[in-house]
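Each chain is listed here by its residues.
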Amino acid sequence: MTGHLFDAFFLIFTGSAIVASLALFTRQPLLVAYIAVGVALGPYGLKIVPDINIVSEISHIGIVFLLFLLGLDMQPSALHRVFKEISSTAIISSLLFASLGYTTGLAFAFTHTEALVLGMTMMFSSTIIGIKLLPTTVLHHKQTGELMVGLLLFQDFLAIICLLILARGAPGEFNVNELGLAFIALPALGIAAFSFVRYVLLALIARFDRFHEYIFLIAIGWCLGLAELAQMIHLSAEIGAFIAGISLATSPISQFIALNLKPLRDFFLILFFFALGAQLNIALLPELALPIIAVSVFVLTTKPITFYALLCRKSGRKGLAWDIGFRLGQISEFSLLLAIVASSNDLIGERVKIIIQSAAIVTFIVSSYIVIFCFPNPIAISEKLRRD
């Protein structure tokens, strides 16, 4: 088993390094490279890595760390100001995308539940692509950065709620009673987490902050410990990790923790996106081509137009509105996670999962090219648009 796992890691990371190099030359987001390697090497491709169950289980830690770090960046004071500014835009756009996604699902003869899940996945834009293609000066010092981060954070909060709903569904259906218990357990876990951080964790950190290895260990232990506790009280590991991050966000050491955990998060995220690609049944793609293209076109056209209309009305700046609209014109990595959770709970079938996954990959690629060729970004081909 150890030998097989070592071989799998060698193929995954060496293959990803090679394909990622090609992706950077062609101005593609790296996560597309990881998915492509998964498709090529997985059980539906060349079958070089035929058994991805262990890799898939290990890769789940990447999403846990992603949500932990997301929580670490959520300062309550800054969130209140930004959310106040973008709340109406975020709510209206999310409801519109969910409604159109639901209608699209029914048009392709999805079940009621499958159409609801498709609507959920359509609400979110990619945090990874949005932030990676935004110049650093814009991200930190201009209105475009503030509005984009605010919209993405609002969507991330909404994704957590959707994740909670899908994770609590009994196999094949939504379980209202379990969902009610989960919403009761959620604030209880939050109160317990904030209390523990305030009276125990911060005291330990203040006493031993000279030992960086200890801080690193405490952060990982807190993240995974609360994730495990969340699972024990019928929530999910992702939600527990998210609460663990928020509870530490006001600490002065939160950014130090975030900076040191990002390489570990990236390691597991490579495994996650590889496993995602490896689970994509490419043999079904020809017969699902029409719904995949329809959903992709729907996302690539509707999202920029919607954000343009809402933001232009709010700010009166057409250039700003188009810029943000096209930067958010794709499906999110959280949409992929929701599809996986819904599929594991038998809420959606294999075909619907493949449609969501394939549409996400298509929108990742197309929206990235639109931003690279038309708007300021760190990897633009044109010197006029290149900003870092």
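Residues numbered from 1 in each chain as written. Predicted model: local features only at pLDDT ≥ 70, side-chain atom pairs only at ≥ 80, totals over all residues. Heavy atoms only, no water.

## A closer look at the overall build of the protein chain
Note the cut-off: The numbering of helices and of strands both runs from the N terminus, where a helix is a DSSP run of H or I of at least 4 residues and a strand a run of E of at least 2. Atoms considered for the radius of gyration are the C-alpha atoms alone. The globule rule reads 2.2 Å times the number of residues to the power 0.38. Two residues qualify as a contact provided that any one of their heavy atoms is within 4.5 Å of a heavy atom in the partner residue. Here the accessible surface of atoms and residues is derived via Shrake-Rupley with a 1.4 Å probe, and residues count as covered only by protein chains that are part of the display. When charges are tallied, Lys and Arg are placed among the positive residues and Asp and Glu among the negative ones, while His and the ends of the chain are skipped. Lys charges are placed at NZ, Arg charges at CZ, Asp charges at CG and Glu charges at CD.
Helix and strand counts for the protein chain come out as 16 helices and 0 strands. Against the 2.2 N^0.38 benchmark of 21 Å for 388 residues, the protein chain shows a C-alpha radius of gyration of 21 Å, consistent with a compact globule. Expressed along its principal axes, the backbone C-alpha trace of the protein chain runs to roughly 60 × 55 × 50 Å. Put simply, 78% of the contacts in the protein chain that link residues at least 6 apart link residues at least 24 apart. Summed over all atoms, the accessible surface of the protein chain reaches about 17500 Å², with 68% contributed by carbon and sulfur. The centroid of the 23 positive side-chain charges in the protein chain is displaced by 13 Å from the centroid of its 22 negative side-chain charges.

## Some remarks on the confidence of the model for the protein chain
In plain terms, the rule: Values of pLDDT, ranging from 0 to 100, describe the predictor's confidence in every residue of the model.
When pLDDT is averaged across the protein chain, the result is 84; 91% of the residues are at 70 or more. Here helix α7 (residues 136-141) is the element of the protein chain with the lowest mean pLDDT, 56, and helix α5 (residues 112-122) is the one with the highest, 94.

## A closer look at the side chain of K303
Convention followed: For this analysis, a polar contact is any N or O atom pair within 3.5 Å, provided that within protein one partner can donate a hydrogen and the other can accept it, and provided that sequence-adjacent residues contribute only side-chain to side-chain pairs.
Along the polypeptide, K303 turns up in helix α13 (residues 289-315). Looking at K303, its side chain comes within polar contact range of the main-chain oxygen of F124, at 2.6 Å. Those residues within four positions of K303 in sequence are excluded, and the remaining contacts are F97, M122, M123, F124, S125, F298, G325, L328, G329, Q330 and I331.

## Points about α5
Keep this limit in mind: Exposure classes here rest on a 1.4 Å probe applied to the protein chains alone. A residue is buried below 20% of its type maximum, exposed above 50%, and partly exposed in between.
Burial analysis of α5 places 9 of its 11 residues in the buried class, which makes it a mostly covered element. Inspection of α5 places T113, E114, A115, V117, L118, G119, M120, T121 and M122 among the buried residues, and these make up the whole buried set.

## As for unusual backbone geometry
With a phi angle near 60°, K47 is a residue other than glycine that sits in the positive phi range. Relative to the elements of secondary structure, K47 occurs in the loop between α2 (30-41) and α3 (53-72). Using a relative accessible area of 52% as the deciding quantity, one classes K47 as exposed. In this structure, D346 takes a positive phi of about 60° despite not being glycine. Its location among the elements puts D346 in the loop between α15 (333-344) and α16 (350-374).

## Quick notes on a nonpolar patch on the surface
Quick note on the threshold: Patch construction takes residues with relative accessible area above 30% that form no salt bridge. Like charges are linked within 9 Å, and nonpolar side chains (Val, Leu, Ile, Met, Phe, Trp, Tyr) are linked within 5 Å. Definition used for salt bridges: Asp or Glu carboxyl oxygen within 4 Å of a side-chain nitrogen of Lys or Arg.
Taken together, F196, Y199 and V200 make up a surface patch of nonpolar side chains, about 300 Å² in accessible area. In this structure, F196 sits in helix α9 (residues 176-207). Overall, F196 belongs to the partly exposed group, its relative accessible area being 37%.

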